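The residues making up each chain are set out below.
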Amino acid sequence: MEVTSGSNAMTAGRRSSALSFDHASVALLVCTACAMLATLGDYGFTYDEPPHIRYGERILRFYASGFTERGSINTSYVGGFDLLAALVRRISPLNALETNHLICVFVAQCGLIGTWKLGSFLGGARAGFFSVLFLLSIPVYYGHQFNNPKDVPFAAGYVWGLYYVAQWIALYGPVAAPPGNFRAPPWSFIIRCGLVLGLGMSVRIGGALLIAYLALFICVALVECKRLNIVHGWTAIRPIALPLAVAVGVSWLLMVLLWPKAMLSPFKGPAKAAEVVTHFQSFDSPTLFEGRMLSSHKVPWYYLPTYFIRQLPEFAIICLLGTLGWLGVRSYRAITRRQQLPLTLLLLVVAAFLPPTYAALRHSVLYDGLRHFLFLMPPIAILCGVGFSAVLRRYKSGPIAHALVACLALFVIDQTYALVRLHPHQHVFFNRTSGGTKQAAKRFETEYYGSVYRELTTDLQAHLWTKDKDRYLNTTHTVTGCGSKLFFTENLPLNFQYTSMRDIKHADIFATYARDRCLERLKDRPELLRVERDGATLAIARSLTNDVVRTKQRPTK
Amino acid sequence: VTESLGASLLKALSRYGGWVSLLPIPLWLLWRMAIEPTAAWHAHYVPNAAAEPTVTRFESALSHYWTGTKDMIEPAPVDPANVTASFNACMSVAETVEVPLMLVTSGTARLIVDDQTWLEVKDAEGRVTRGKNAALTPGVHHLRVEFTGRSRPAIALLASFDGTPPRPVGSGKLATGIRLFRVDPKSMTCAMR
């Protein structure tokens, strides 16, 4: 079993090194929190945020009214994050959207801590440090931490759930020292485990996967013990039957408490929601993939793998592949030599690869690139961190180790530069093998979330104000564009009036982001300004005030 | 003893230190709560359809657009289809300064500074913007906006205090030397604080 933390055999030197890495991790986490707070105001809101803010308010009203005010709460979205944000809004001096961003950062920080804890648990303090470093070096994940109220909170719940599942298997399974039957964990652990699993499910019902992992790996551990002749028979599982039931019960209870739909129908509600999520067909968003606009119902099986290969940094991909190879060899040797399998690391592999495999096999509805699968980033980062740490341990302080550390340092510098360069639109990152963001923007989804409208509208005001101040003071500008009207009404002052694309003939400015190939529309109209990162256009504003005939240009499909 | 205490502290930091990294976030929120200026605009709403109920409250910025549809995060204080409102605040100016002021409305609105009408829009069909540069002399000025709106009403007072595009005049958005503070709600007068 690959559990190095807490080992009594640790030498004084290794213990000192572990403490240094722990302190480095804490310093890294504190610096990250401060950096995120310092740049919080730069991030615009995304199209997912207003509905979640409204949902949070409805949940709060439901509880405040003694469960009587049930308007529009019968939804498949679990509301743990939204309820927390609604509560904080009651005391926050910031507006609703800024408060939402602050809660996003808080929960994302919990996810980083979970990544550090799980990495440390699986590979020691050094692996924990590297895991956080790898996760922070993935720009797509970093950018989403500020304004994604669904996917990043779920990623945080997912990694914490994995941490407890891994602990259960490693510390209380039959292959833990001394080998024998499963051992009942302490009650404090059982309750904490239940709460964490419940928090995971309180963001998305898909958090139930964590319970499935726990059950699956208990069975695998049992099979493993039978293979190694450590225990015999299913009776070995008896000591954990009650603790398991309690942990699952606590998690279910927490989910029900945070989810009005489940509270009204504790069994049918979650079951129905799980069915809706796994057979999600009610929404079809055209998505740009390999230069073609595809229905989100008809994306090829390699949609997700393509986005992961193109949006993960190259060095992370190399480390991930190396770790998978190393784990494969270790597992093969363990099987042939009748040694213990590295179960907790295999848990991580399953956690990182099972969901996208399932989505590919089921032809799930997919759009917005890998956004819905951001929860795979922490396990991937941990696999990278644990693998990299294992290689360093193997080569100790030789020239290969020095070369590897130099590679890691270069990687971190390069990715930090990318984070700064793309700020605050890190989620549009594509790696060099994809030709960078500039080339990828023509063929893949980049700015699909709407956060760029903040920068676009700020620049637009400055442009019009600088051009003619007297005219600006006495003009109501009518703006149209793609996406939610809230992108305009919330980002612009009231001397800008929004009109829908259907009513474009009354608009004098067309401002849009990259989604749905909207940048291709109205290309005959004079350009006012554009938002670019790494040479890729993320948003554009055009004037509609001259006499050229206004025609809607449909993108070629 | 010092060494063992230090070692214990280091161990505790490595075990619970991750949670320390969460502290900056609530601390930052508390700091923002401490520095956030008190809401300066005294708002008084009267529904046109009936004399009662009225709503009186302090608001942090004068910028409202009530559509009555589901995209509202903050609901309108009274029936947004038919509303009369007045907004009062006090502005303290340290030295003579020229400030671009804009009044945006979709009804009838007036900006009154020290009992003198500066900007006015009457029965606007759709949203209308009126603005001009105003020379503010040192001292305390009483700002008052009167507004009557019907369907989907909008009202905003925008100003630029630092050369950037005008933004809603809010409690925390003014330049050094100019500050907005609360009007006395009983007498609706300004006094230097």
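Small disclaimer: the values here were computed from a predicted structure and weren't measured.

1. Quick word on the overall build of chain A
Then comes step 1: The helix and strand inventory of chain A stands at 21 helices and 7 strands.
Then comes step 2: The globule rule puts the C-alpha radius of gyration for 557 residues at 24 Å, and the 25 Å found for chain A is close to it.
Then comes step 3: Across its three principal axes, chain A shows a C-alpha extent of roughly 85 × 65 × 45 Å.
Then comes step 4: Here chain A has roughly 22,100 Å² of accessible surface; of this, 62% comes from carbon and sulfur atoms.

2. Quick word on the overall build of chain B
Then comes step 1: The number of helices and strands found in chain B is 2 helices and 12 strands.
Then comes step 2: Put simply, chain B runs from its N terminus to its C terminus through helices and strands in the order α-α-β-β-β-β-β-β-β-β-β-β-β-β.
Then comes step 3: Its C-alpha atoms give chain B a radius of gyration of 23 Å, clearly above 16 Å, the size a compact globule of 193 residues would have.
Then comes step 4: Taken over the C-alpha atoms alone, chain B extends approximately 80 × 45 × 35 Å along its principal axes.
Then comes step 5: When each of the 193 residues of chain B is scored for burial, the buried share is 43%.
Then comes step 6: For chain B, contacts bridging at least 24 residues in sequence account for 67% of all contacts bridging at least 6.
Then comes step 7: About 9,900 Å² of surface is accessible on chain B, with carbon and sulfur atoms providing 55% of the total.
Then comes step 8: Here chain B contributes 19 positively and 17 negatively charged side chains, and the mean placements of these two sets differ by 5 Å.

3. Re the pattern of salt bridges
Residues and elements named next belong to chain A.
Then comes step 1: Counted according to the given criterion, the structure contains 20 salt bridges over all chains.
Then comes step 2: Between Glu57 and Arg89 there is a salt bridge, and its shortest N-O distance comes to 2.9 Å. With a gap of 32 residues between them, Glu57 in helix 2 (residues 49–64) and Arg89 in helix 3 (residues 80–89) connect regions that are remote in the sequence.
Then comes step 3: With a shortest N-O distance of 3.0 Å, Glu224 and Arg227 are connected by a salt bridge. Taken together, the positions of Glu224 and Arg227, both in helix 9 (residues 208–227) and 3 residues apart, correspond to about one turn of that helix.
Then comes step 4: Residue classification places Glu224 among the buried residues on the basis of a relative accessible area of 3%.

4. Examining the sheet that holds strand 6 (residues 527–533) of chain A
Residues and elements named next belong to chain A.
Then comes step 1: Reading across the sheet, the 5 strands line up as 4-3-5-7-6 and stay open at both edges, with mixed pairing between neighbours. Where the open sheet ends on each side, the last strands, each with one partner, are strand 4 (496–498) and strand 6. On average, adjacent strands in this sheet sit at an angle of 25 degrees to one another, irrespective of strand direction.
Then comes step 2: Both strand 3 (residues 477–480) and strand 5 (residues 509–513) contribute to a ladder of 2 bridges, which runs parallel. Bridging across to strand 5, Thr480 finds its partner in Phe510.
Then comes step 3: Contacts between helix 19 (residues 453–467) and the sheet are confined to strand 3, strand 4, strand 5, strand 6 and strand 7 (536–543), with strand 6 contributing the most and set at about 140 degrees to the helix.

5. A few points about the side chain of Gln311(A)
Residues and elements named next belong to chain A.
Then comes step 1: Position of Gln311 among the secondary structure elements: in helix 13 (residues 303–311).
Then comes step 2: A relative accessible area of 3% places Gln311 in the buried class.
Then comes step 3: With residues near it in sequence (within four places) discarded, Gln311 still touches Val140, Leu370, His427, Val428, Phe429, Phe430 and Asn431.

6. Examining a nonpolar patch on the surface
Then comes step 1: A surface patch of nonpolar side chains, amounting to about 690 Å² of accessible area, comprises Ile91(A), Leu10(B), Leu13(B), Val20(B), Leu23(B), Leu27(B), Leu30(B) and Met33(B).
Then comes step 2: Looking at the nonpolar patch, the elements that each hand over two or more residues are helix 1 (2–20) and helix 2 (24–35) of chain B.

7. Concerning the interface of chain A and chain B
Then comes step 1: Contact with chain A, which involves 43 residues of that partner, is made by 47 residues of chain B.
Then comes step 2: In total, about 3,900 Å² of surface goes out of reach between chain A and chain B, with carbon and sulfur atoms giving 71% of it.
Then comes step 3: The interface formed by chain A and chain B holds 0 salt bridges in total.
Then comes step 4: Between the two partners, chain A and chain B, sit 9 residue pairs in polar contact (both at pLDDT 80 or more).
Then comes step 5: Every element with two or more residues in the side of chain A that touches chain B is listed here: helix 1 (12–38), helix 2, helix 4 (96–123), helix 19, helix 20 (469–473) and strand 4 of chain A.
Then comes step 6: Of the residues contributing to the side of chain A that touches chain B, the split by class is 29 nonpolar, 10 polar and 4 charged.

8. Examining unusual backbone geometry
Then comes step 1: Of note, the bond from His423(A) into Pro424(A) is cis; its omega dihedral lies within 30 degrees of zero at -5 degrees.
Then comes step 2: Relative to the elements of secondary structure, Pro424(A) occurs in the loop between helix 17 (399–422) and helix 18 (436–440).

9. Topic: the environment of Gly17(B)
Then comes step 1: In this fold, Gly17(B) is placed in helix 1.
Then comes step 2: Here Gly17(B) falls in the buried class, since its relative accessible area comes to 0%.
Then comes step 3: Distance in space between the C-alpha atoms of Gly17(B) and Ser60(B) is 38 Å, their sequence separation being 43 residues.
Then comes step 4: Apart from residues no more than four positions distant in its own chain, Gly17(B) is found in contact with Val26(A) and Ala12(B).

10. What to know about the nonpolar core
Then comes step 1: Counting 160 residues, the largest nonpolar core has Leu118(A), Leu122(A), Phe134(A), Leu162(A), Phe308(A), Met377(A) and Phe388(A) as its most contacted members.
Then comes step 2: Trp41(B), Leu101(B), Phe161(B) and Leu174(B) belong to the second-largest nonpolar core, a separate cluster that totals 34 residues.

11. A word on the packing of aromatic side chains
Residue and element names in this part refer to chain A.
Then comes step 1: All chains considered together, the criterion is met by 48 aromatic pairs over all chains.
Then comes step 2: Arranged with centres 5.4 Å apart and planes meeting at 50 degrees, the rings of Phe62 and Phe67 form a pair that is tilted.
Then comes step 3: Taking relative accessible area as the criterion, Phe62 reaches 0% and is therefore assigned buried.
Then comes step 4: In this structure, Arg394 is placed above the aromatic ring of Tyr395, and the distance from its NZ or CZ to the ring centre is 5.1 Å.

12. Topic: the environment of Trp28(B)
Then comes step 1: Tracing the sequence through the fold places Trp28(B) in helix 2.
Then comes step 2: Those residues in contact with Trp28(B) that sit more than four places away from it in its chain are Leu37(A), Leu40(A), Leu94(A) and Leu102(A).

13. Here we look at the confidence of the model for chain B
Then comes step 1: For chain B, per-residue confidence averages 84 on the pLDDT scale, and 90% of positions sit at 70 or higher.
Then comes step 2: Across the interface, the model reports ipTM at 0.90; the global pTM reads 0.91.

14. A word on the state of the cysteines
Then comes step 1: For the coordinates displayed, the defined rule picks out 2 disulfides over all chains.
Then comes step 2: Covalently, Cys482(A) is tied to Cys518(A) through a disulfide, its sulfur atoms 1.9 Å apart. On the sign convention where negative means left-handed, the S-S torsion of about -100 degrees between Cys482(A) and Cys518(A) marks this disulfide as left-handed. Here the residue Cys482(A) occupies a position in the loop between strand 3 and helix 21 (486–489), and Cys518(A) occupies one in the loop between strand 5 and strand 6, the gap between them amounting to 36 residues.
Then comes step 3: Cys90(B) shares a disulfide with Cys190(B); S-S distance 1.9 Å. Given an S-S torsion of about -85 degrees, the disulfide between Cys90(B) and Cys190(B) has left-handed geometry. Taken together, the residues Cys90(B) in strand 4 (residues 83–93) and Cys190(B) in the segment after strand 12 (178–181) connect sequence positions 100 residues apart.
Then comes step 4: For Cys90(B), a relative accessible area of 0% translates into the label buried.
Then comes step 5: Judged by its relative accessible area of 23%, Cys190(B) falls in the partly exposed class.
Then comes step 6: Lacking any disulfide linkage, Cys34(A) is separated from the closest cysteine sulfur, that of Cys31(A), by 6.6 Å.
Then comes step 7: In this structure Cys34(A) comes out as partly exposed when scored by relative accessible area, which is 40%.
Then comes step 8: Cys319(A) provides the cysteine sulfur closest to Cys407(A), a residue in no disulfide bond, and the two sulfurs are 8.9 Å apart.

About the cut-offs
- Residues numbered from 1 in each chain as written.
- Chains lettered and ligands numbered in written order.
- Predicted model: local features only at pLDDT ≥ 70, side-chain atom pairs only at ≥ 80, totals over all residues.
- Heavy atoms only, no water.
- Helix = DSSP H or I, 4+ residues; strand = E, 2+ residues; numbered from the N terminus.
- Rg over C-alpha atoms; globule rule 2.2 N^0.38 Å.
- Areas by Shrake-Rupley, 256 points an atom, 1.4 Å probe, with all protein chains shown as cover.
- Buried < 20%, exposed > 50% of the residue type's maximum accessible area, 1.4 Å probe, protein only.
- Contact = heavy atoms within 4.5 Å.
- Lys, Arg positive; Asp, Glu negative; His and termini not counted.
- Charge placed at Lys NZ, Arg CZ, Asp CG, Glu CD.
- Salt bridge = Lys/Arg side-chain N within 4 Å of Asp/Glu carboxyl O.
- Pairing = 2+ DSSP bridges.
- Axes fitted to C-alpha atoms, helices over the stretch in contact; angles between N-to-C directions.
- Patch = residues over 30% accessible without salt bridge, like charges linked within 9 Å, V, L, I, M, F, W, Y side chains within 5 Å.
- Buried area = accessible area lost by both parts, 1.4 Å probe.
- Polar contact = N/O pair within 3.5 Å; in protein donor to acceptor, adjacent residues only side chain to side chain.
- Nonpolar A, V, L, I, M, F, W, Y, C, P; charged D, E, K, R; others polar.
- Core = buried A, V, L, I, M, F, W, Y, C linked by side-chain atoms within 4.5 Å.
- Phe/Tyr/Trp six-rings, centres within 6.5 Å; stacked < 30°, edge-to-face > 60°.
- Lys NZ or Arg CZ within 6 Å of the ring centre and 35° of its normal.
- pLDDT = per-residue confidence, 0-100.
- Disulfide = S-S within 2.5 Å.

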